[in-house]
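Read off the chains here:
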Amino acid sequence: MKTLMLKLEPVIWMLFSSGMMIGALLLPVFILVVALGGGFGVVGGEALGFDRMVALATHPIGTLIVLAAMALPLWGGAHHLRHLWIDLGGLKTDGLVGFLCYGTALAGSIVAILAVVRLHS
Amino acid sequence: MKPGGPMPTRTADPRPPDKYPGRGRYPSYLAFGASGAFLMISALLLIRGVWALGDGGAAWDAYRGALGHPISLVYHGVAFIGLTWFALRLFRLFPATQPYRMGPIKRPADAVLVAGLYGVFFTVLAVGTLFLGGALL
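Each residue is numbered by its place in its chain's sequence as written, counting from 1. Going through the entries in the order they are written, you letter the chains from A and number the ligands from 1. In keeping with the model being predicted, local features are shown solely for residues with a pLDDT of at least 70 and side-chain atom pairs are shown and tallied solely at 80 or more, while totals for entire chains, interfaces and linings include all residues.

Quick look at the overall build of chain B now. Counting its regular elements, chain B contains 5 helices and 2 strands. In this description the radius of gyration comes from C-alpha coordinates, and the expected globular size is given by 2.2 Å times residues to the power 0.38. Its C-alpha atoms give chain B a radius of gyration of 23 Å, clearly above 14 Å, the size a compact globule of 137 residues would have. Looking at chain B as a whole, 21% of its 137 residues qualify as buried. Whether two residues are in contact depends on their C-beta atoms, placed from the backbone: they are in contact if these lie within 7 Å. A separation threshold of at least 6 residues defines the contact pool for chain B, and within that pool the share at least 24 residues apart is 39%. Each helix is a run of DSSP H or I of at least 4 residues and each strand a run of E of at least 2, with the numbering of both proceeding from the N terminus. Between the buried cut of 20 or more and the exposed cut of 12 or fewer other C-beta atoms within 10 Å of a residue's own C-beta lies the partly exposed class, and all C-beta atoms are placed from the backbone.

Secondary structure assignment for chain A yields 4 helices and 0 strands. Going from N to C terminus, chain A has its helices and strands arranged as α-α-α-α. On C-alpha atoms alone, chain A measures out to a radius of gyration of 17 Å, which is more than a quarter above the 14 Å that the 2.2 N^0.38 rule sets for 121 residues. Here the C-alpha coordinates of chain A stretch approximately 50 × 30 × 20 Å along the principal axes.

In this chain, tyrosine 20 of chain B is followed by proline 21 of chain B through a cis amide linkage whose omega measures 0°. Assignment of secondary structure puts proline 21 of chain B in the segment before helix 1 (26–34).

We now examine the interface of chain A and chain B. Contact residues are listed per partner, giving 48 residues for chain A and 42 residues for chain B. Those elements that place two or more of their residues in the side of chain A that touches chain B are helix 1 (2–40), helix 2 (50–58), helix 3 (60–87) and helix 4 (94–120) of chain A. Here the element with the most residues in the side of chain A that touches chain B is helix 1 of chain A; it accounts for 18 residues. Classification convention: Asp, Glu, Lys, Arg as charged; Ala, Val, Leu, Ile, Met, Phe, Trp, Tyr, Cys, Pro as nonpolar; all other residues, Gly among them, as polar. In terms of residue class, the side of chain A that touches chain B is made up of 34 nonpolar, 11 polar and 3 charged.

Quick look at the nonpolar core now. Among the nonpolar cores identified, the biggest contains 56 residues, and Phe30 and Met70 of chain A together with Val50 of chain B are the most heavily contacted of them. Mapped by element, the contributors of at least two residues to this core are helix 1, helix 2, helix 3 and helix 4 of chain A together with helix 2 (36–55), helix 3 (57–67), helix 4 (70–93) and helix 5 (110–132) of chain B. Counting residues per element, this core draws most heavily on helix 1 of chain A, which supplies 15 residues. The term nonpolar core means buried Ala, Val, Leu, Ile, Met, Phe, Trp, Tyr and Cys residues held together as one set by C-beta atoms within 7 Å.

What follows concerns the environment of isoleucine 41 of chain B. Along the chain, the position of isoleucine 41 of chain B falls in helix 2. Along the primary structure isoleucine 41 of chain B and tyrosine 63 of chain B are separated by 22 residues, whereas in three dimensions their C-alpha atoms are 16 Å apart.

Residues and elements named next belong to chain A. Mapped onto the elements, glycine 90 comes out in the loop between helix 3 and helix 4. In this structure glycine 90 comes out as partly exposed when scored by C-beta crowding, with 13 C-beta atoms within 10 Å. Setting aside residues no more than four positions away along its own chain, glycine 90 makes contact with Trp85 and Val97.

Right, let's talk about the domain arrangement of chain B for a bit. Interface extent is often summarised as the accessible area lost during association of the parts. Assigned domains within chain B: domain 1 (23–83) and domain 2 (98–137). Domain delimitation follows an automatic or database domain assignment. Once you take the C-alpha centre of each, domain 1 of chain B and domain 2 of chain B turn out to be 23 Å apart.

What follows concerns helix 3 of chain B. Taken as a whole, helix 3 of chain B has its buried residues at Trp60, Arg64 and Leu67 of chain B. For helix 3 of chain B, the angular spread of the buried residues around the axis is 50°, confining them to a single face. Exposed residues lying more than 90 degrees from the buried face of helix 3 of chain B are Ala58, Ala62 and Gly65 of chain B. Buried residues along helix 3 of chain B sit in contact with helix 1 and helix 2 of chain A together with helix 2 and helix 4 of chain B. Note that the arc is defined by the directions from the helix axis to the C-beta atoms.

Moving on: the packing of helix 4 of chain A against helix 2 of chain B. Axes, fitted as lines to C-alpha atoms, cover a helix only where it is in contact. Angles between the N-to-C directions of the axes lie from 0 to 180 degrees. Packing of helix 4 of chain A against helix 2 of chain B leaves a shortest axis separation of 9 Å and a crossing angle of 25°. Comparing their axes, helix 2 of chain B and helix 4 of chain A come out roughly parallel. Like other packed secondary-structure pairs, helix 4 of chain A and helix 2 of chain B cross with a definite hand, here left-handed. In contact with Thr104, Gly108, Val111, Ala112, Ala115, Val116, Arg118 and Leu119 of chain A of helix 4 of chain A, helix 2 of chain B contributes Met40, Ala43, Leu44, Ile47, Val50, Trp51, Leu53 and Gly54 of chain B. By definition in this entry, angles of less than 35 degrees are roughly parallel, angles greater than 145 are roughly antiparallel, angles of 65 to 115 are roughly perpendicular, and the rest are oblique. Crossing handedness is read from the near helix: turned anticlockwise from the far helix by less than a right angle, it gives a left-handed crossing, and turned clockwise, a right-handed one.

Moving on: the packing of helix 1 of chain A against helix 3 of chain A. Residue and element names in this part refer to chain A. Two elements in contact, helix 1 and helix 3, have axes separated by 7 Å at closest approach and are oriented at 120°. Relative to helix 3, the element helix 1 lies oblique. In this structure, the crossing between helix 1 and helix 3 has a hand that is left-handed. Residue-level inspection shows Leu15, Phe16, Ser18, Gly19, Met20, Ile22, Gly23, Leu26, Leu27 and Phe30 of helix 1 in contact with helix 3, the latter providing Ile65, Ala68, Ala69, Leu72, Pro73, Leu74, Trp75, Gly76, Gly77 and His79. Of the residues in the contact of helix 1 with helix 3, the class split is 14 nonpolar, 6 polar and no charged.

Turning next to the environment of lysine 92 of chain A. Inspection of the secondary structure assignment puts lysine 92 of chain A in the loop between helix 3 and helix 4. The sequence separation of lysine 92 of chain A and leucine 4 of chain A amounts to 88 residues, and the corresponding C-alpha distance is 25 Å.

Below, the structure is given as structure tokens:
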């Protein structure tokens with residue numbers, strides 16, 4: 001098990017670092033245009049319309065971008081929150097908090113993959 | 001002063017630094033860690049949106065309607081500011097995480113790296129906003 005974890009370590013660290021980068025670059029765009037622009041009614045209904053959004057999300061490049069923007073920030077965020085908890089004196093409950101953080105990231109990533117697969121089916 | 005046998009090395013109990021957590025650089029350090037909540041919540045809300053897209057036009061319209069709720073608007077406003085601050089701080093710290101050589105080339109000066117990353121961030125934000133908002137294509 002220890003050997004397996006050592007082999008997986010670069011992959012796990014890649015999830016954390018790429019999660020921070022992808023989240024920092026892509027999530028502000030989604031928030032600004034869809035959540036705030038759409039929510040305030042500044043961005044027109046046609047731009048955020050169902051047909052256009054499906055076309056963008058099912059394009060091969062769009063699918064990759066959407067999948068990365070959904071799944072990777074979960075891992076970066078989980079790692080940050082777990083270490084924040086340790087910094088705030090929660091070392092004794094690190095096992096539970098780590099399980100909750102990474103468990104949420106894993107479950108969210110699976111749902112993200114399913115959400116994309118549903119779009120293509 | 002030779003010990004009688006093997007025994008654990010005595011060390012002082014760990015304690016937080018003097019200015020921790022409210023002064024010096026620690027508040028921004030902790031806020032940077034707390035920004036992980038914005039990453040997770042915003043990603044989960046994006047998953048919710050893509051899931052609604054898969055459910056059809058009516059579900060997508062309902063999702064868009066929910067984005068106009070005041071709680072959603074307040075959250076996303078705060079999250080946008082928080083994630084922008086997070087991104088700029090991440091890029092400012094980035095050079096310190098890189099080795100002296102990046103592959104075959106020597107690492108550029110820190111200011112060049114930071115300026116490049118800031119440029120990428122604002123370019124992605126501008127082009128992404130124009131594209132997703134329907135102004136491009």
